[in-house]
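Structure assessment
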Amino acid sequence: MDTAHSHRRLTQLLSRGALTRFIIVRLAATGLLLLVLSFVVFALLHLTPGDPARNLVGVRNVTPELLQSIRDKYHLNDPFMNQYLHWLGNVLHGDFGESIRNNTTVTTLLADRVMLTLQLSSLSFALTVIVAVPLGIAAAWRTGSALDRSMSAASIVGVGAPTYAVGLLLLYVFGLWFNIFPVYGSGDGGFDRWWHLVLPAITLASGLAAMVFKLTRTAVVAELNQDYVAFAQSRGLTRRQIRSLVLRNAMIPVATSLGLVFAFLFGGTILVEVTFALQGIGSLLAGSVTFKDLPVVQAITLLTATVIALTALAVDILYYAVDPRVRKRGMQ
Amino acid sequence: MNRGLSLNNLVVTGPAGLIVTRMDLHVEPGQTVALVGESGSGKSMTAKAMTGLLPRGVTATGSLQLDDITVDLALGPQALAGLRGQYISLLLQNPFTSLSPVHRCGEQITAALPPDLRRSKEEIRRRLDEVDLPERVARQYPFELSGGMRQRVALAASLASNPQILIGDEPTTALDVTTQREMLDLLERIQRERDMALLLITHDLGVARERADKILVMYAGRLVESGEGADVFAHAQHPYTAGLRDSDPPLEHRLVELPAIAGSVPRPWEVAVGCVFAPRCDRADDRCRNEAPELVGTTSQVACWKPIALTDASHPIQIATDVQAQNTDNDLVVIRGLSKRFSSSAPLALDNVDISIHSGEAVGIVGESGSGKTTLARCLIGLESFDSGDISWSINTPMAQRAQIVFQDPTSALNPAMTIGATLAEALRAGQRSKAEVVALLQLVGLPSEYINRRPNGLSGGEQQRVAIARAIAPRPKLLICDEPVSSLDVSVQAQILNLMNSLLKDLGIALLFITHDLAVVRQVVSRVYVMSNGRVVESGNMENVLQSPQHEYTRQLFSSVAGK
């Protein structure tokens, strides 16, 4: 008994060590990926046609002195690699330079907007998961039932309807007609902020929920057809027990798709931000691209990439936690 | 009072029509009843109907009697829900899919127990001990165990609620022969200890003959014969039972030709009138074709208008003298010191393998899963690379004309979108031969020329395998490699394919490398054999010599594991 117990402790410690190693390896890979990406993002400035210094001042009329001061400030006369390392050092300290359009630092400009987009994506993600996953499970459990058929039909509409159309419809019905939700702007922080985000979040969630519903349903149906379900039934396991067996297995593909959904959400809020006049990074990116506001474009690109990479990392860790087969491979 | 199980007047109906017609069955406590049949016989559907696990769209009528409980099967699967586990339990064929991959074995075994016992270490240990598994298995996941161990876990799980009857649906078919024997012994021991009834569903006549007190033979959804133990086969009354028995290849001698049953198993709902077996029966007359026979008899029952009497002369069996391996030096291909490792942490898949094949010679490789036999074949034909060693061919033609391969599953080996004619024409092109040979090829493998315009999914498994063989011989290779070519076929069809292979060898004069786990099958085809285990050749020699006096311990173990032969 004692030896068995200590043996198990040992196994647990070993597997915990393996988890740490797994996370370290994945973090390093994520770091490397972002490093490569930062290089590409930096190179954007030099890939854009024309004089980098001129690109950094935008469309304003400039004196040679001003151009020179910009060259000095951004070390534009240094060799390319030195410029990059200098830029990277600043970025790591949260300094993306100054916006060309607004006379503020990129960091101040982004701070509030990143928060808004994160809030919007999180709310939308939560709505998607809360609605679509249980419905997908329920529909799979009763394949061919009225619920299944009506949800499957609704999900086709959900996937097909364009975001701005759904947004305008929601605005009209709940904002103007029933006058429940605000129709414009980002709110004054706190609860008001969230209240302003409800309609945009629903708009975003509608298409995604339809997709997640279908993915969940397919995953659960596939598991229900597995031999282990028939075997569990034949042994007299209760419906509850069988459901837990199935859900634990179906969770693996669903979790992966949810990771993708979040990454997609964070980078795909632009249409909704424009429709609802929200001050998020999507609308900022659109404007910055139009005005060739390169420092802002660089910052947003890198930020979005970081969020996506971290989400992928989170999914990997989740995988590790729920699938013993991945755990085993990770240890070897 | 435990009086066993009775199934009365079971009828199973699917979307296309009848799947099982009027089936009666009785199993006493402590008794083993084998339900034998080929694919489509309805044996698995019978098991599913008895446990209320019929697929959507399939319904059953009839009644099931267990103890003093009678269940009307027409009430649907819910009627049986209360019986599952405690009265009746089902063990499935494939231990790789019948357990949840992400739950620990211990948890799966005790899931059917009352909640307070589920986490009891004592209980889990006792359950594992019953199926001869060590305690550590409780904390392991199914993927960490071998097939045999997984099936033991599944057995322990199916026994958790102490059922009075266990239905084993091909419980050993997915296992290797040596593991198969251990599993059957274990089932027998547990059954005796628990005085449990066992209904063994199998296509393997050897298993039924060796293990069952009573055997029921099903064909196309009907019970055609039943009787005591091995008698059913020894004194078969139904021509189908006799045909099945005769087409099962023997291990002790090689036959000139295996007695095969012509044609293939019909779908139960396609048989409108008359005896289901009449179209394939050489004794059939007008009455057989127009009137369905009832099952009659007491201890042994048969549904046949013209049963075979004990006094009837049986077919004379022609025993062939084993072809002696030619001691020539006309080597077609010589493999020397072949080694292969799939990943650095895996054991060697091939470990210094030496094999030679002479021109026109039939050579067998026998081994269990993981022995490296398939990897060897894939290396030989260039589908797989190897780490060291060499393969030297005595001919210098393109690979397509050196060797061709036939795989186990013809359904996945043929392109479903292409007609048979197009498939064969493509293969002929690979050997730079004329498209005009397609018809001749079909004839060679015993298929009618109309099949040119058909696609694989309209063909039976045996016919598909004939097409796969025709495709392989189309470029006129010097060596035909067959990797388990009959393992997915029914016994009666297997005999047809083995006969076909023998006649092709004779007519075309090509060499054959026959890879299989089945000793009796390889016995009927090859003259020389290599026995492989864990990537190594452990024994080789003339088929007969190896059978008569196996030298290696593993070979002996392999031979003693063959059931009922």
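What you are looking at is a predicted structure, and each value in this text was computed from that prediction instead of being measured.

**Description of the overall build of chain B**
- What chain B contains, in helices and strands, is 21 helices and 22 strands.
- In terms of overall dimensions, chain B is globule-like: its C-alpha atoms have a radius of gyration of 25 Å, near the 24 Å expected for 565 residues.
- For the C-alpha atoms alone, the extent of chain B along its principal axes is close to 75 × 65 × 45 Å.
- When each of the 565 residues of chain B is scored for burial, the buried share is 57%.
- For chain B, the share of sequence-separated contacts (at least 6 apart) that also reach a separation of at least 24 residues comes to 69%.
- For chain B, the computed accessible surface area is about 23,400 Å², with 48% contributed by carbon and sulfur atoms.
- Within chain B, the 63 negative side-chain charges are centred at a point lying 5 Å from the centre of the 54 positive side-chain charges.

**A short note on the UniProt feature "domain: ABC transporter" (unreviewed entry) in chain B**
Residue and element names in this part refer to chain B.
- Within this numbering scheme, the UniProt entry marks residues 5-245 and 333-559 as carrying the feature "domain: ABC transporter" (unreviewed entry).
- From the first C-alpha to the last, residues 5-245 spans 28 Å; its make-up is 34% helix and 27% strand.
- Secondary structure within residues 333-559 divides into 37% helix and 25% strand; the distance between the first and last C-alpha atoms comes to 28 Å.

**Re the UniProt feature "transmembrane region" (unreviewed entry) in chain A**
- The UniProt record annotates "transmembrane region" (unreviewed entry) at residues 21-45, 120-141, 153-174, 194-213, 250-276 and 296-322 of chain A.
- Segment residues 194-213 of chain A splits into 100% helix and 0% strand. End C-alpha atoms: 25 Å apart.

**Concerning the packing of helix α5 (residues 106-141) of chain A against helix α12 (residues 281-290) of chain A**
Residues and elements named next belong to chain A.
- It is at 8 Å that the axes of α5 and α12 come closest, and there the two elements cross at 130°. Our classification of the angle between α5 and α12 gives oblique. Taking contact as the criterion, the partners of L109, L110, R113, V114 and T117 in α5 are, on α12, I281, G282, S283 and L284.
- Residue composition of the contact of α5 with α12, grouped by class: five nonpolar, three polar and one charged.

**Topic: the interface of chain A and chain B**
- Opposite the 25 residues of chain A that make contact, chain B presents 31 residues.
- Broken down residue by residue, the surface that chain A buries against chain B is led by A:F231, A:S234 and A:R235, which jointly contribute 28%.
- At the boundary of chain A with chain B, the tally comes to zero salt bridges.
- On inspection of chain A and its partner chain B, the count reaches nine residue pairs in polar contact (both at pLDDT 80 or more).
- For the side of chain A that touches chain B, the secondary-structure elements that each account for two or more residues are α1 (2-47), α9 (227-234), α10 (239-267) and α14 (324-331) of chain A.

**A word on the sheet that holds strand β1 (residues 5-14) of chain B**
Residues and elements named next belong to chain B.
- Spatial ordering of the open sheet is given by β2-β1-β4-β5, a layout of four strands whose pairing is antiparallel. With one partner strand each, in any of the chains shown, β2 (17-27) and β5 (69-72) form the two edges of the open sheet. Across this sheet, the average inter-strand angle for adjacent strands is 5°, counted without regard to direction.
- Where β1 lies against strand β4 (residues 59-66), seven bridges are found, and the strand directions are antiparallel. Within β4, the position partnered with T13 by the bridge is T59.
- Across the sheet, helix α1 (residues 43-51) lies against β1, β2 and β4, angled at about 110° from β1, the strand it touches most.

**Some words on the confidence of the model for chain B**
- For chain B, per-residue confidence averages 89 on the pLDDT scale, and 96% of positions sit at 70 or higher.
- No element of chain B has a lower mean pLDDT than strand β13 (residues 319-320) of chain B, at 72, and none a higher one than strand β3 (residues 32-36) of chain B, at 95.

**Some words on the environment of B:R125**
- Take B:R125: it is sitting in helix α5 (residues 121-130).
- Between the C-alpha atoms of B:R125 and B:L145, which are 20 residues apart in sequence, the distance is 17 Å.

**As for the pairing of strand β10 (residues 222-228) of chain B**
Residue and element names in this part refer to chain B.
- With respect to burial, β10 is a largely interior element, six of its seven residues being buried.
- Where strand β9 (residues 214-219) lies against β10, six bridges are found, and the strand directions are antiparallel. Bridge pairing in β10 links M218 to L223.
- Here β9 folds back onto β10 in antiparallel fashion, the turn holding two residues, of which A220 has a positive phi close to 45°.

**A look at the pattern of salt bridges**
Residue and element names in this part refer to chain B.
- For the coordinates displayed, the defined rule picks out 31 salt bridges over all chains.
- The partner of R211 in a salt bridge is E188, with the nearest N and O atoms 3.0 Å apart. You can see R211 sitting in helix α8 (residues 205-211) and its partner E188 sitting in helix α7 (residues 177-194), a full 23 residues away along the chain.
- Several salt bridges share partner residues, and in doing so they unite D132, R152, E182, R189 and E193 into one network.

**With respect to the pairing of strand β22 (residues 536-542) of chain B**
All names here are of chain B.
- In this structure, strand β21 (residues 528-533) lies alongside β22, joined through six bridges in antiparallel fashion. Bridge pairing links V529 to G541 in β22.
- Hairpin connection, β21 to β22: the antiparallel pair is bridged by two residues, and N534 has positive phi, about 50°.

Definitions and cut-offs
- Think of each chain on its own: its residues are numbered from 1, step by step along the sequence as written.
- Each chain gets a letter, beginning with A, and each ligand a number, beginning with 1, in the order they are written.
- With the structure being a predicted model, the display of local features is reserved for residues of pLDDT at least 70 and the display and counting of side-chain atom pairs for 80 or more, all residues being used for whole-chain, interface and lining totals.
- Only hydrogens and water are removed before side-chain values are computed, so all heavy atoms of the structure are retained for them.
- Strands here are runs of E lasting at least two residues and helices are runs of H or I lasting at least four, both read from the DSSP assignment and numbered beginning at the N terminus.
- This radius of gyration counts C-alpha atoms alone. The globule rule is 2.2 Å times how many residues there are, raised to the power 0.38.
- Each residue's exposure class comes from its accessible area (1.4 Å probe, protein chains only) as a fraction of the maximum for that residue type: buried when under 20%, exposed when over 50%, partly exposed otherwise.
- Note on contacts: a residue pair is in contact if any heavy atoms of the two residues lie within 4.5 Å.
- Note that accessible areas follow from Shrake-Rupley with a 1.4 Å probe, and for residues the cover is restricted to the protein chains shown.
- Neither His nor the chain ends contribute to the count of charged residues, in which Lys and Arg are positive and Asp and Glu negative.
- A single reference atom marks each charge: NZ on Lys, CZ on Arg, CG on Asp, CD on Glu.
- UniProt positions are given in the numbering used here, feature names are shortened, and annotations may be inferred rather than shown by experiment.
- Between the N-to-C directions of two axes lies an angle of 0 to 180 degrees, each axis being a line fitted to C-alpha atoms and, for a helix, fitted only over the stretch in contact.
- Roughly parallel covers angles under 35 degrees, roughly antiparallel covers those over 145, roughly perpendicular covers 65 to 115, and oblique covers all other angles.
- Each residue gets one of three labels, nonpolar for Ala, Val, Leu, Ile, Met, Phe, Trp, Tyr, Cys and Pro, charged for Asp, Glu, Lys and Arg, and polar for the others, Gly among them.
- By definition, the buried area sums, over both parts, the 1.4 Å-probe accessible area that each loses when the two are put together.
- Take a side-chain nitrogen of Lys or Arg and a carboxyl oxygen of Asp or Glu: if they are within 4 Å of each other, that pair is a salt bridge.
- A 3.5 Å cut-off defines polar contacts: any pair of N or O atoms within that distance qualifies, except that in protein one atom must be a possible hydrogen donor and the other a possible acceptor, and neighbouring residues in sequence count only when both atoms are side-chain atoms.
- A pair of strands counts as paired when DSSP detects no fewer than two bridges linking them.
- pLDDT measures the predictor's confidence residue by residue and takes values from 0 up to 100.

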